[in-house]
Amino acid sequence: MLFDLVASRDHAFWMKDVPIALDMIFISQDHLVVGILVNVQPFDMTLRSVGAASRYVLEVPGGWAARHGVLNGAVISEVL
């Protein structure tokens, strides 16, 4: 799922009511990966952020980012 959060800031997410582990890829206004939360545990209500401004957050199945070589600083072009 891709979230367009409109404003660029240090966004925080939780996993309330999410039954599977997810990777959360935080993407800047300029379409650069600014942080990745890996295998965030299901149903956890802890707020998590990456400490960097982002406009978009892409949620994918846990482990997906590593399997596809997504790293901080990567340019995102096909998703957006």
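For the structure itself, consult the block above.
A brief structural summary. (Residues numbered from 1 in each chain as written. Predicted model: local features only at pLDDT ≥ 70, side-chain atom pairs only at ≥ 80, totals over all residues. Heavy atoms only, no water.)

## Here we look at the pairing of strand S4 (residues 54–61)
- The element S4 is extensively covered by neighbouring structure, given that seven of its eight residues are classed as buried.
- Note that strand S1 (residues 2–9) and S4 share four bridges and pair antiparallel. Residue pairing across strands places Arg9 opposite Ser54, the latter belonging to S4. (Buried < 20%, exposed > 50% of the residue type's maximum accessible area, 1.4 Å probe, protein only. Helix = DSSP H or I, 4+ residues; strand = E, 2+ residues; numbered from the N terminus. Pairing = 2+ DSSP bridges.)

## Comments concerning the pattern of salt bridges
- In the structure shown here, the tally under the stated rule is two salt bridges.
- A salt bridge links Asp4 to Arg55; the nearest nitrogen and oxygen atoms lie 2.8 Å apart. Note that Asp4 is positioned in strand S1 and Arg55 in strand S4, a separation of 51 residues in sequence.
- Judged by its relative accessible area of 17%, Arg55 falls in the buried class. (Salt bridge = Lys/Arg side-chain N within 4 Å of Asp/Glu carboxyl O.)

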